[in-house]
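Spelled out, the chains give:
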Amino acid sequence: WAIVSFDGQEKITENATFKIGTMDLVLKNYTSALPIGFSEFSAKVFNAWGSELRGVYSKLLINGTEFLQTPTTTIGPWEEQELKGIVSIDLKPNTYLGTLQLFFEGEKRENNISLEIIKPAAPAVRNTTFLLLIIIGILILALIGLSVLVKQKLPKKRERKDEL
């Protein structure tokens with residue numbers, strides 16, 4: 001049993017579970033591989049406090065250079081949320097050590113992270129453009145073939161009319 005005091009009142013409880021937390025923002029997961037160029041970076045964070053945390057945002061630093069600051073948000077008590085933003089990477093493909101700074105309620109937590117910078121995926125636009133050119137070529141050939149057939153049929157029809 002326990003005696004709980006709140007708002008000037010006391011209550012005796014026999015079997016109760018209490019969630020005791022600390023005002024903290026915990027990094028649960030983050031985007032660990034980023035392609036060169038523009039892409040989305042996200043960090044999943046957990047509010048380990050029994051009240052909402054205000055002024056929550058993150059900064060991504062690689063080799064001491066800031067690459068991203070996410071928009072500011074509020075996270076409810078005991079909730080997880082993703083902090084997201086678009087990042088522009090101009091580093092060579094490699095694995096880099098970085099820092100993910102978490103800001104909340106005037107506090108700052110630093111998390112050492114590892115990021116793999118990868119070559120961008122081959123753009124699908126090239127494949128689509130090539131396919132589109134092939135389709136247009138086939139359509140042009142079909143139209144040419146159709147026009148040749150029509151021209152061959154027309155003189156035969158005129159000859160028949162002349163014979164009548």
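All values reported here derive from a predicted model rather than from experimental measurement. (Residues numbered from 1 in each chain as written. Predicted model: local features only at pLDDT ≥ 70, side-chain atom pairs only at ≥ 80, totals over all residues. Heavy atoms only, no water.)

> Quick question: what am I supposed to make of the overall build of the protein chain here?
When you go through the protein chain residue by residue, the secondary structure sums to 1 helix and 11 strands. Taken from N to C terminus, the helices and strands of the protein chain fall in the order β-β-β-β-β-β-β-β-β-β-β-α. A total of 164 residues make up the protein chain; the buried ones form 25% of that total. A sequence separation of at least 24 residues applies to 58% of the contacts in the protein chain between residues at least 6 apart. For the protein chain, the accessible surface area stands at approximately 12100 Å², while carbon and sulfur atoms represent 56% of it. (Helix = DSSP H or I, 4+ residues; strand = E, 2+ residues; numbered from the N terminus. Buried < 20%, exposed > 50% of the residue type's maximum accessible area, 1.4 Å probe, protein only. Contact = heavy atoms within 4.5 Å. Areas by Shrake-Rupley, 256 points an atom, 1.4 Å probe, with all protein chains shown as cover.)

> I keep staring at unusual backbone geometry and nothing clicks. Help me out?
Peptide bonds are trans in most cases, and residues, glycine excluded, mostly fall at negative phi. Even without glycine at this site, Asn63 takes up a positive phi of about 50°. Within the secondary structure, Asn63 sits in the loop between strand E6 (53-62) and strand E7 (65-69). A positive phi angle, close to 60°, is found at Trp78, a residue other than glycine. Along the chain, the position of Trp78 falls in the loop between strand E8 (73-75) and strand E9 (80-89).

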